[in-house]
Amino acid sequence: MFIIRPIEQKDLDGLMELLEKSGHGLTSLPKDPEVLKKRIRMSERSFLHREDGPGGEDYLFVMEELFTGRLVGVCAIISKIGGFEPYYFYRMEKTHHESKSIHVKNDVTSLHFHFIHNGPAEICSLYLHPDFRNSQNGRFLSLSRFLFIAENRKFFEDQVIAEMRGMVNDSGHSPFWDAVGANFFKIDFPTADYLYVKNKRFIEELMPKYPIITNLLPEDAQFVVGKVHPNTEPAKRILEQEGFRFSGLVGIFEPGPVLIAEVDNIRAIKESTIGEIAEVSDKNFKSEIFIISRTSGNFRSALGGVVKLKSGGYKVSGVTAAALKLRVGDKIRFVSFKPKAQPIKKKASPKKK
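Numbering of residues begins from 1 in every chain and follows the order in which that chain's sequence is written. Local features are withheld for residues below a pLDDT of 70 in this predicted model, meaning they are given only at 70 or higher, and side-chain atom pairs are given and counted only at 80 or more; totals for whole chains, interfaces and linings count all residues. Side-chain metrics rest on all non-hydrogen atoms present in the structure, leaving aside hydrogens and water.

Turning our attention to the overall build of the protein chain. The helix and strand inventory of the protein chain stands at ten helices and 16 strands. If one aligns the C-alpha atoms of the protein chain with their principal axes, the spans along those axes are about 80 × 75 × 40 Å. Looking at the protein chain residue by residue over its 353 residues, the buried ones come to 50%. Only heavy atoms matter for contacts: two residues are in contact if any of them lie within 4.5 Å across the pair. Counting only contacts in the protein chain whose residues sit at least 6 apart along the sequence, the fraction spanning at least 24 positions is 71%. Per-residue and other accessible areas follow the Shrake-Rupley method at a 1.4 Å probe size, with only the shown protein chains counted as cover for residues. For the protein chain, the accessible area works out to roughly 18400 Å², and carbon and sulfur atoms hold 51% of it. In the protein chain, which carries 52 positive and 44 negative side-chain charges, the distance between the mean positions of the two groups comes to 9 Å. Here a helix means four or more residues in a row that DSSP labels H or I, a strand means two or more in a row labelled E, and each is numbered from the N terminus. Only protein chains enter the accessibility calculation, which uses a 1.4 Å probe; a residue whose area is less than 20% of its type maximum is buried, one above 50% is exposed, and one in between is partly exposed. Charge assignment: positive for Lys and Arg, negative for Asp and Glu; neither His nor the chain ends contribute. Think of each charge as sitting on NZ of Lys, CZ of Arg, CG of Asp or CD of Glu.

Take a look at the structure:
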């Protein structure tokens, strides 16, 4: 069984071990103990000290195998991006050109330097150990964050983005970087990726502000614009099922797509329910799978069954109650693990004449 909870300083060694196989795609969590230690401290402060609204808090969560204590996943939410240090992207635009005189049509894609100073929120830093990757664990790790947002709604912006990992291979090679970034920064992609975590300002200092016409780039660089890494496709599909869509923005180094959603329209937030535990059962009972979190104390989330009782309140299993450290009378927030399947609309039969 797995739980998701806020990270703590004692998790540093476990986090380092978890990230050993993360490759070059996890920009925000480099394999640097000093950077990670700082990120953990920032997360602990974010949970403890918050203003009346979103102020750039950085919430970092770990997925823990309950009976061994092993960390198998990590994910994060930033309440508001921008502020004193803007976030940089490309805005992707497509224009259609046509010449009737020579009968030629052509679509041109251009990338425009774009930065954000004032929000939105961001979900980021999602990584699941390869040995534990399956449709259940990945979805749980991704969606549990939305229960935390729902429970702490006033501390987050009204929109949230997710910058998806772009097409970079395991050795850190990016065809887009070779064609664009390397010409302006004079460093390799992994180095730029690492420096971006420490100080984003060098982007604005060195990156030209004129548009980049992707049609002029080598074919392999053109191909990766707006594309996600194959390992990221499942994460992208999960977010799209929750209501995310392409924002028109792509990453600045390896231009993976940036998805966006209205927070209050995200399925896992909109459909989540709060209820009181009226019974903890040691017997098996039939129930669909829910993502469940407690509403008091430190955030803690698990997968389990929830049944509404005729007498009022809800029933959960003893295993779920123990994992979340709950008892009768405590409240939970829960949501269906997967979106309900939409009924297929039957086509109307043609009327007989």
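What makes a salt bridge here is a side-chain nitrogen of Lys or Arg within 4 Å of a carboxyl oxygen of Asp or Glu, nothing more. This model, assessed by the stated rule, comprises 15 salt bridges. One salt bridge in this structure joins Asp11 and Arg5, with 2.9 Å as the shortest N-O distance. On the accessibility criterion, Asp11 (5% relative accessible area) is buried. For Arg5, a relative accessible area of 7% puts it in the buried group. In this structure, the salt-bridge partner of Glu271 is Arg267, at a minimum N-O distance of 3.7 Å. Residue Glu271 is classed as partly exposed on the basis of its relative accessible area of 40%.

Further remarks concern unusual backbone geometry. Generally, phi is negative for residues other than glycine and the peptide bonds are trans, each holding for most cases. Following Gly119, the chain continues into Pro120 via a peptide bond in cis, with omega recorded as 10°. Phi is positive for Ser125, close to 55°, though the residue is something other than glycine. Residue position: Ser125 is located in strand 6 (residues 121–128). What makes Ser125 buried here is its relative accessible area of 5%.

Taken together, Lys38, Arg41, Arg45 and Lys198 make up a surface patch of like positive charges. Of the residues forming the positive patch, the biggest block, three residues, is contributed by helix 2 (residues 33–48). By secondary structure assignment, the location of Lys38 is in helix 2. Candidate patch residues must exceed 30% relative accessible area and have no salt bridge, after which like charges are joined if within 9 Å and Val, Leu, Ile, Met, Phe, Trp or Tyr side chains if within 5 Å.

Looking now at helix 8 (residues 233–241). Along an α-helix, residues three or four positions apart point the same way, because every turn accommodates 3.6 residues. Along helix 8, the positions that sit buried rather than exposed are Lys236, Ile238 and Leu239. One side of helix 8 carries all its buried residues, which in axial view fall inside an arc of 160°. Of the surrounding elements, those touching the buried residues of helix 8 are strand 6, helix 3 (135–151), strand 7 (159–163) and strand 10 (257–262). Phi turns positive, to about 115°, at Gly243, one or two residues after helix 8. The reported arc concerns the directions from the helix axis to the C-beta atoms and nothing else.

Among buried residues, the Ala, Val, Leu, Ile, Met, Phe, Trp, Tyr and Cys ones that are joined through side-chain atoms within 4.5 Å form a nonpolar core. Counting residues in each nonpolar core, the largest one holds 40 residues, and the members touching the most others are Phe146 and Phe244. Apart from the residues lying within four places of it in its own chain, the contact partners of Phe146 are Ile123, Leu239, Phe244, Ile266, Ala268 and Ile269. Formed by 25 residues, the second largest nonpolar core is a distinct cluster that contains Leu26, Ile40, Val74 and Val258.

Moving on: the packing of helix 3 against helix 8. Inter-axis angles, ranging from 0 to 180 degrees, are taken between N-to-C directions of lines fitted to C-alpha atoms, where helices are fitted over the stretch in contact. It is at 10 Å that the axes of helix 3 and helix 8 come closest, and there the two elements cross at 40°. Viewed along their axes, helix 3 and helix 8 adopt a mutual orientation that is oblique. Crossing angle aside, the handedness with which helix 3 passes helix 8 is right-handed. Between helix 3 and helix 8, the contacting residues are Gly138, Arg139, Ser142, Leu143 and Phe146 on the first element and Ile238, Leu239 and Gln241 on the second. In the scheme used here, Gly and all other residues not listed as nonpolar or charged are polar, with Ala, Val, Leu, Ile, Met, Phe, Trp, Tyr, Cys and Pro taken as nonpolar and Asp, Glu, Lys and Arg as charged. Of the residues assigned to the contact of helix 3 with helix 8, the class counts are four nonpolar, three polar and one charged. Working definition: roughly parallel below 35 degrees, roughly antiparallel above 145 degrees, roughly perpendicular at 65 to 115 degrees, and oblique for all remaining angles. Each crossing is labelled by how the near helix is turned from the far one, with a counterclockwise turn of less than a right angle marking it left-handed and a clockwise turn marking it right-handed.

With 16 residues, helix 2 should reach 22 Å at 1.5 Å per residue; the first-to-last C-alpha distance of 23 Å fits that figure. Inspection of helix 2 places Val35, Leu36, Arg39, Ile40, Ser43 and Ser46 among the buried residues, and these make up the whole buried set. All buried residues of helix 2 fall inside an arc of 135° around its axis, so they share one side. Exposed and facing more than 90 degrees away from the buried side of helix 2 are Glu34, Lys38 and Leu48. For helix 2, the elements touching its buried residues are helix 1 (12–18), strand 2 (58–65), strand 3 (71–78), strand 6 and helix 5 (189–198). Where helix 2 begins, the capping side chain belongs to Asp32, and its oxygen is found 2.9 Å from the backbone nitrogen of Glu34. For a helix, the expected span equals 1.5 Å multiplied by the number of residues minus one. Polar contact is the term for a pair of N or O atoms within 3.5 Å; when the atoms are in protein, one must be able to donate a hydrogen and the other to accept it, and sequence-neighboring residues count only if both atoms are side-chain atoms.

On to the side chain of Arg294. With respect to the helices and strands, Arg294 occurs in strand 12 (residues 289–294). Buried charge without a partner: Arg294 forms no salt bridge, and the closest opposite charge is Asp330, 7.3 Å away. Side-chain polar atoms of Arg294 contact the backbone oxygen of Ser296, separated by 3.5 Å. Only 2.7 Å separates the side chain of Arg294 from the backbone oxygen of Asn298, close enough to count as a polar contact.

Once that is clear, we can look at the packing of aromatic side chains. Only the six-membered ring of Trp is used, alongside the rings of Phe and Tyr, when aromatic pairs are assigned; centres must lie within 6.5 Å, and planes under 30 degrees apart are stacked while those over 60 apart are edge-to-face, with the rest tilted. Applying the stated rule across the entire model yields 22 aromatic pairs. Relative to Phe299, the ring of Phe61 lies with its centre 5.6 Å away and its plane at 75°, an arrangement referred to as edge-to-face. Taken together, the positions of Phe61 in strand 2 and Phe299 in the loop between strand 12 and strand 13 (301–305) put the pair 238 residues apart, joining distant regions of the chain. Comparing Phe61 with Phe299 shows no difference in burial state: the two are buried. Aromatic pair Trp177 and Phe185: ring centres 5.5 Å apart, planes at 15°, arrangement stacked. Across the pair, Phe185 and Trp177 agree in class, each one buried. In textbook terms, an aromatic cluster arises when at least three aromatic residues are bridged by ring pairs, as seen for Phe47, Tyr59, Phe61, Phe148, Phe156 and Phe299. A cation sits over an aromatic face here: Lys227 above Phe223, 4.7 Å from the ring centre. As a reminder, the over-ring test applies to NZ of lysine and CZ of arginine, requiring each to be within 6 Å of the ring centre and within 35 degrees of the ring normal.

In short, shape yes, function no, at least from these values alone.
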